[in-house]
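Structural characterization, general
The lines below spell out each chain.
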Amino acid sequence: MRIVGIAGSPRKGGNSTTLLETALEAAQEQGHTTKCLVARRLKVQPCIACEGCKRGPKCVVDDEMHDVYAAIAHADILVVATPIYYYAASGWLKAVVDRTYGLLDRESKPRIAPGKRLYVITTQEESDPADGAVVVRQLERAFAWLGMEPAGSMIATDLDEAQAVLERPDLLQAARDLLTSGPSG
Ligand SMILES: Cc1cc2nc3c(=O)[nH]c(=O)nc-3n(C[C@H](O)[C@H](O)[C@H](O)COP(=O)(O)O)c2cc1C
């Protein structure tokens, strides 16, 4: 399987990025091919709603989102990871999500093959997993437009400082299991 991760944290050693990398490493150990994109390192401007992608065959904004389009098109599995910022996904990830509008044609049909599997990882400081669940649901709905099927999620709570997750073996193990446990892992 080809697995692409998109990290939505802007922080070095971000908790969500660490969990994403841990999940990808475990998948790699099982023979899957993995690639990790970090939203902050990409030149991706927010969607300008020009509808150029509906008049023509692709998004007309010339930036590195086209690398993300190619990576998603090529992947069997997408894993998105984000810190919770004000009860939502980070702006870094949201910009990428909005730009996936360019993968929908004029009839809002996906320009990529359907049936890709989607996993979501969220991290937050507060303790209520319902906050993360809202964001998981939002991301699952967004990527459903591209014909992706929700395959699993991980909501990590009570994490504040970057690298706090390194003190949480339970979460690191859950990340290792996220893509690799179960019948299709
Ligand atoms: C701008 C900003 C907004 C935040 N909003 C929330 C929030 O709404 N709820 C929460 O539980 N934590 C919030 N946090 C804390 C982060 O979600 C938390 O530190 C998380 O572990 C960061 O993940 P990261 O290390 O992957 O960046 C916020 C942090 C920042 C910087």
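Coordinates for the structure precede this section.
A few points on the structure. Source: prediction; values computed, not measured.

Here is what the cut-offs are and how they apply
Residues numbered from 1 in each chain as written. Predicted model: local features only at pLDDT ≥ 70, side-chain atom pairs only at ≥ 80, totals over all residues. Helix = DSSP H or I, 4+ residues; strand = E, 2+ residues; numbered from the N terminus. Rg over C-alpha atoms; globule rule 2.2 N^0.38 Å. Buried ≥ 20, exposed ≤ 12 C-beta atoms within 10 Å, placed from the backbone. Expected span 1.5 Å × (residues − 1). Arc of directions from axis to C-beta. Contact = placed C-beta atoms within 7 Å. Near = placed C-beta within 6 Å. Nonpolar A, V, L, I, M, F, W, Y, C, P; charged D, E, K, R; others polar. Pairing = 2+ DSSP bridges. Axes fitted to C-alpha atoms, helices over the stretch in contact; angles between N-to-C directions.

**Points about the overall build of the protein chain**
If you tally the helices and strands in the protein chain, you get 6 helices and 5 strands. Ordering the α and β elements of the protein chain from the N terminus gives β-α-β-α-α-β-α-β-α-β-α. Relative to a compact globule of 185 residues, whose C-alpha radius of gyration would be 16 Å, the protein chain shows 16 Å and is just as compact. If one aligns the C-alpha atoms of the protein chain with their principal axes, the spans along those axes are about 50 × 35 × 25 Å. Expressed as a percentage of the 185 residues in the protein chain, the buried residues total 39%.

**Let's talk about unusual backbone geometry**
In this structure, Ser108 is a non-glycine residue whose phi angle is positive, near 60°. With respect to the secondary-structure elements, Ser108 resides in the loop between α4 (91-99) and β4 (117-123). You can call Ser108 exposed: it has 9 C-beta atoms within 10 Å. You will see that Asp158, though not glycine, has its phi angle at about 60°, which is positive.

**Considerations on the environment of Asp170**
By secondary structure assignment, the location of Asp170 is in helix α6 (residues 169-178). The class for Asp170 is exposed, based on 9 C-beta atoms found within 10 Å. Residues Asp170 and Pro150, 20 residues apart in the sequence, show an inter-C-alpha distance of 23 Å.

**Comments concerning helix α5 (residues 129-144)**
In a regular helix each residue adds 1.5 Å, so 16 residues correspond to 22 Å; α5 covers 22 Å between its end C-alpha atoms and thus fits that length. Among all positions in α5, only Gly132, Val135, Val136, Leu139 and Phe143 are buried. One face of α5 carries all of its buried residues, which in axial projection span an arc of 105°. Opposite the packed face of α5, turned more than 90 degrees from it, sit the exposed residues Ala130 and Arg141. Buried residues in α5 make contact with β3 (77-83), α4, β4 and β5 (149-156).

**Some thoughts on the site of the ligand**
Lining the immediate surroundings of the ligand are 19 residues, of which Gly14, Ser16, Pro83, Gln124 and Glu126 lie closest. The class makeup of the residues in the shell around the ligand is 7 nonpolar, 7 polar and 5 charged.

**Considering α4**
Buried within α4 are the following residues: Trp92, Leu93, Lys94, Val96, Val97 and Arg99. Packing partners of the buried residues in α4 comprise β1 (2-7), α3 (65-74), β3 and α5.

**A word on the sheet that holds β4**
Taking strand neighbours across the sheet as the criterion, the 5 strands line up as β2-β1-β3-β4-β5 in an open arrangement whose pairing is parallel. What marks the edges here is a single partner per strand, and that holds for β2 (33-38) and β5. Taken over all neighbouring pairs, the strand axes of this sheet differ in orientation by 15° on average, direction set aside. Where β1 and β2 come together, 6 bridges link them in parallel fashion.

**Digging into the environment of Lys94**
Mapping Lys94 onto the fold places it in helix α4. Its 20 C-beta neighbours within 10 Å are what place Lys94 among the buried residues. Sequence separation between Lys94 and Asp62 is 32 residues, and the spatial gap between their C-alpha atoms is 18 Å.

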